[in-house]
Amino acid sequence: MSDAEKMILEKLDALTKEVHEIKEETLTTNEKLNQTNERLDQTNQRLDQTNQKLDQTSETLEQKIGQCNESINQVRDMALQTQLLIENEISKKINIIGEGHDFLKMRLEEALRLEKARERMELEIVDLRMEVKKIKAHLNIA
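Attention in this report is confined to the structure presented alongside it. (Residues numbered from 1 in each chain as written. Predicted model: local features only at pLDDT ≥ 70, side-chain atom pairs only at ≥ 80, totals over all residues. Heavy atoms only, no water.)

**A closer look at the overall build of the protein**
- Within the protein, the secondary structure is distributed over 1 helix and 0 strands.
- A globule of 142 residues ought to have a C-alpha radius of gyration of about 14 Å, yet the protein, at 58 Å, is considerably larger.
- Across the 142 residues of the protein, 0% fall into the buried class.
- Once the 22 positive and 29 negative side-chain charges of the protein are each reduced to a mean point, those two points are 18 Å apart. (Helix = DSSP H or I, 4+ residues; strand = E, 2+ residues; numbered from the N terminus. Rg over C-alpha atoms; globule rule 2.2 N^0.38 Å. Buried < 20%, exposed > 50% of the residue type's maximum accessible area, 1.4 Å probe, protein only. Lys, Arg positive; Asp, Glu negative; His and termini not counted. Charge placed at Lys NZ, Arg CZ, Asp CG, Glu CD.)

**Structural notes on the pattern of salt bridges**
- Summed over all chains, the structure comprises 2 salt bridges.
- Of the charged contacts in the structure, one is a salt bridge between E115 and R118, with a shortest N-O distance of 2.5 Å. Remark: R118 and E115 occur in helix α1 (residues 3–139); sequence separation between them is 3 residues, near one turn of the helix.
- Overall, R118 belongs to the partly exposed group, its relative accessible area being 36%. (Salt bridge = Lys/Arg side-chain N within 4 Å of Asp/Glu carboxyl O.)

**Structural notes on a negative patch on the surface**
- On the surface, a cluster of negative charge is made up of E18, E21, E24 and E25.
- Its place among the elements puts E24 in helix α1. (Patch = residues over 30% accessible without salt bridge, like charges linked within 9 Å, V, L, I, M, F, W, Y side chains within 5 Å. Areas by Shrake-Rupley, 256 points an atom, 1.4 Å probe, with all protein chains shown as cover.)

**Structural notes on α1**
- Taking 1.5 Å of rise per residue, the 137 residues of α1 would be expected to cover 204 Å, and the 188 Å separating its terminal C-alpha atoms lies within 8% of that figure.
- When the local axis directions of α1 are compared, the greatest deviation, roughly 35°, occurs at I86. (Expected span 1.5 Å × (residues − 1). Bend = angle between axes of the 7 residues up to and from the residue.)

Below, the structure is given as structure tokens:
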């Protein structure tokens, strides 16, 4: 073998070693890429699961908001009915009770006037009895 052939063979051996090293690096890179793809697939699955849960949560939240709106409308209706009851029924009854109270006050004032007059008459009767006793004592009748 000639020197040129030896040199070519040496270069071929070196290139073969480099190709082997590149193949090994490529295999390692491919393995890492496969692992990365698997992780990406897992992440995509988790993302899909999370999206499903988010959709479910959104639906549940919308249902609860609808229920809350219905409850608020019911409370509004009840408040309006209560307000109307107060305005129509209770206010009238309060006015009637107030008028009755005024009437009772007038009757009480009248009764107190009569009581004062009765007390005055009783005092006059007591005075008159005392005078009658004095007169009887003066006339020696009793």
